[in-house]
Amino acid sequence: MGSYNYYKMFGCFNRKFKVSESQPPPDVREAFWRYTEGSSSMTAEQLLKFLVEYQKEESSSAEDAEAIMQYVFHHRHHTDKRHTFTLEDFFYFLFQDELNGPIDPRVHHDMTAPLQHYFIYTGHNSYLTGNQLSSDCSEIPIIRALENGVRGIELDLWPNSTKDNINVLHGRTLTTPVPLLKCLKSIKEHAFVKSPYPVIITLEDHLTPDLQAKVAEMVTQVFGEMLYSPESGILEEFPSPEALKHKIILSTKPPKEYLGSNSNKEGEFGSSPVAKYWSDEELEADYKENQSESEDCEDEDIDNMQQKSGPLAAPEYKRLIAIHAGNAKKRSLREVLKITVDRASRLSLSEQELERAAALYATDVVRFTQKNILRVYPKGTRVTSSNFRPTVGWMHGAQMVAFNMQGYGKSLWMMHGVFRSNGNCGYVKKPDMLMKRGPNGEVFDPKLPIPVRTTLKLYILGAPADVAKGKTRIIEDDWAPYWDQPFTFPLRFPELALLRIEVREYDRSDKDDFGGQTCVPVRELKTGIRSIPLYDKKGNKFKSVRLLLRFYFE
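Now for a look at the structure at hand. (Residues numbered from 1 in each chain as written. Predicted model: local features only at pLDDT ≥ 70, side-chain atom pairs only at ≥ 80, totals over all residues. Heavy atoms only, no water.)

1. Section: unusual backbone geometry
Move 1: In this model, His246 sits at a positive phi of 60°, which is unusual for a non-glycine residue.
Move 2: You can call His246 partly exposed: its relative accessible area is 43%. (Buried < 20%, exposed > 50% of the residue type's maximum accessible area, 1.4 Å probe, protein only.)

2. Description of the pairing of strand E14 (residues 400-403)
Move 1: Side chains Met400 and Ala402 project from E14 onto one buried face, and the interleaved Val401 and Phe403 project onto a second face that is buried too.
Move 2: Here two bridges tie strand E4 (residues 122-123) to E14, and the two strands are oriented parallel to one another. Across the sheet, residue Gly123 finds its bridge partner in E14, namely Phe403.
Move 3: Bridging between strand E13 (residues 373-377) and E14 involves two bridges; their strand directions are parallel. If you follow Arg375 over to E14, its bridge partner there is Met400. (Helix = DSSP H or I, 4+ residues; strand = E, 2+ residues; numbered from the N terminus. Pairing = 2+ DSSP bridges.)

3. Here we look at the side chain of Asn372
Move 1: By secondary structure assignment, the location of Asn372 is in the loop between helix H12 (351-369) and E13.
Move 2: Among the polar contacts made by the side chain of Asn372, one reaches the main-chain amide nitrogen of Ser345 at a distance of 3.0 Å.
Move 3: Discounting chain neighbours no more than four positions away, the residues touching Asn372 are Gln116, Phe238, Ile339, Arg343, Ala344, Ser345 and Gln399. (Polar contact = N/O pair within 3.5 Å; in protein donor to acceptor, adjacent residues only side chain to side chain. Contact = heavy atoms within 4.5 Å.)

4. As for the nonpolar core
Move 1: Ranked by internal contacts, the top residues of the largest apolar core, which has 72 residues, are Leu155, Ile187, Phe223 and Ile248.
Move 2: For this core, the leading source of residues is helix H8 (residues 209-223), giving eight residues.
Move 3: The contact partners of Ile248, leaving out residues within four places of it in the chain, are Ile187, Ala191, Phe192, Val199, Ile201, Phe223, Met226, Leu227 and Tyr228.
Move 4: Grouped together as the second largest cluster of nonpolar side chains are 25 residues, Tyr35, Tyr54, Ala65 and Phe90 included. (Core = buried A, V, L, I, M, F, W, Y, C linked by side-chain atoms within 4.5 Å.)

5. Some points on the environment of Ala344
Move 1: Within the secondary structure, Ala344 sits in the loop between helix H11 (333-336) and strand E12 (346-350).
Move 2: Spatially, the C-alpha atom of Ala344 lies 5.7 Å from that of Leu235, the residues being 109 residues apart in sequence.
Move 3: Contacts of Ala344, omitting those with residues within four sequence positions, involve Leu235, Glu236, Glu237, Phe238, Lys371 and Asn372.

6. Some details on helix H3 (residues 62-77)
Each α-helix winds once per 3.6 residues, and so residues spaced three or four apart point in a common direction.
Move 1: An ideal rise of 1.5 Å per residue puts 22 Å on 16 residues; H3 measures up with 22 Å between its terminal C-alpha atoms.
Move 2: Along H3, the residues that are buried comprise Ala65, Ile68, Met69, Tyr71, Val72 and Phe73.
Move 3: In this fold, the buried residues of H3 make contact with helix H2 (44-53), helix H4 (87-94) and helix H5 (97-100).
Move 4: Downstream of H3 by a residue or two, His78 has a phi angle that is positive, lying close to 55°. (Expected span 1.5 Å × (residues − 1).)

7. A short note on the state of the cysteines
Move 1: Taken as a whole and judged by the stated rule, the model has zero disulfides.
Move 2: With no disulfide of its own, Cys137 lies 8.3 Å from the sulfur of Cys183, the closest cysteine sulfur.
Move 3: With relative accessibility at 6%, the residue Cys137 sits in the buried group. (Disulfide = S-S within 2.5 Å.)

8. Considerations on the packing of aromatic side chains
Move 1: Applying the stated rule across the entire model yields 19 aromatic pairs.
Move 2: Here Phe32 and Phe90 contribute two aromatic rings whose centre-to-centre distance is 5.6 Å and whose plane-to-plane angle is 50°, an arrangement assigned as tilted. Of this pair, Phe32 sits in helix H1 (residues 26-36) while Phe90 sits in helix H4, placing them 58 residues apart in sequence.
Move 3: Look at Phe32 and you get buried, because its relative accessible area is 0%.
Move 4: Since its relative accessible area comes to 0%, Phe90 is described here as buried.
Move 5: A ring pair is formed by Phe50 and Phe90, whose centres lie 5.0 Å apart and whose planes are at 75°; its orientation type is edge-to-face. With Phe50 in helix H2 and Phe90 in helix H4, this pair connects stretches of sequence that are 40 residues apart.
Move 6: Through successive ring pairs, a cluster of aromatic residues spans Phe32, Trp33, Tyr35, Phe50, Tyr54, Phe73, Phe85, Phe90 and Phe93.
Move 7: Between Arg420 and the ring centre of Tyr535, over which it is positioned, the NZ or CZ distance is 3.6 Å. (Phe/Tyr/Trp six-rings, centres within 6.5 Å; stacked < 30°, edge-to-face > 60°. Lys NZ or Arg CZ within 6 Å of the ring centre and 35° of its normal.)

Printed below as a string of structure tokens:
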């Protein structure tokens, strides 16, 4: 029998919430009675049979079942002397996401394939604390990203005001700089806290050869043996994440070697950006107006700096660049997507460039990513640090879909969801169909229609997958709502499908309030009755808010 608690809201009125005695739903009761053969208690042997048959966990052992029981006895009854589950113990176990979560919490993908076979958890302008125009630059967002499993860190390198050292900042904006050395030390200290797999530092370099040499000295001193640099200087094929465990990898456009004068006058290329104060409105307007040309300008800046700055672009710096980045700005898209047989490289495209390439040369993009790494970054007009839908990049094989990790929104929730899989290690094996070639060299074409290959059915004890949506009925003012509603989602590309669940508090008089969200990669889903943890808007896990769902595939 339920009772009611009253809570004063905003000091104006009381709201009544029903506090029900949380009864196990029918699916849970039915499973318990089936495996206990009608008894009121469940043995470890019966629990094991439930795990293997109902939950499809064929690798479960008697030791696993016993460990689950001991966990529940310890946490629910504060004793280790019990030997069988009651129905309430069984229900408690099913709700523990660390015991009965929707995906395997371990690293379980093959980690011995070359790097281009993986989606890589990648940040964009990793040093920014907020918007792209006027927020502070700091090592804190870098640390936070690494601790969340991000493996791709981006740093923009600029000369400091006296041109004798290096700062990290977003050029041509009012963002306040942070010293490069501080960023490098933070990366070293936190790189492998969450994952042992390699961290790739992509550098956007606006430096003279003298300062490039200083970067090489800093990087070598800070990282030492952690730094990976190929002996030949050029990689014909990328190593695997397994082979690169606990390694730091640098990736940028290799500096050109120029002969020329060593003059670098005050105010010429290499000076610190932004000399006058602009209002946020003026800055945003100017930024949007010039952003489409900024990448071209930056490449020209770098080339001009190197021409004006000395006889040879720092060879020690060039030797440390393990993944060479190509320049897509002075060649056609079709041309940059051509594969160079004797080397593996990285190409960066904006989200608009990717959309154009996907529309015109979809199979060329897929073929390119079978040998090389493609990085996709947000368009420059995303000044609030918003993000784009990552699925277009993934569908075309792009490994490094670079996101503003300091923001939030549905696109970022999708990114979080994909990289919670494979033990949250930051590397997720791409679907085989993106890496295969036919007898005549043909590759997967994302533009071709795909038939329905499987159907996901779930019961909420709503959610989209592919592009479908479902919505539950409304349950008002109950701390433990029970929906018992089925949803069916036909899937054409289950390897890249995501199940996104959002919980909202119904409000009759205003917009429904956000209550929690989660995003789960469908190919990783375990069948059976599973506990689904919910997260806040920024991706932080709620301690005690979970859903109980039942999944199966047809």
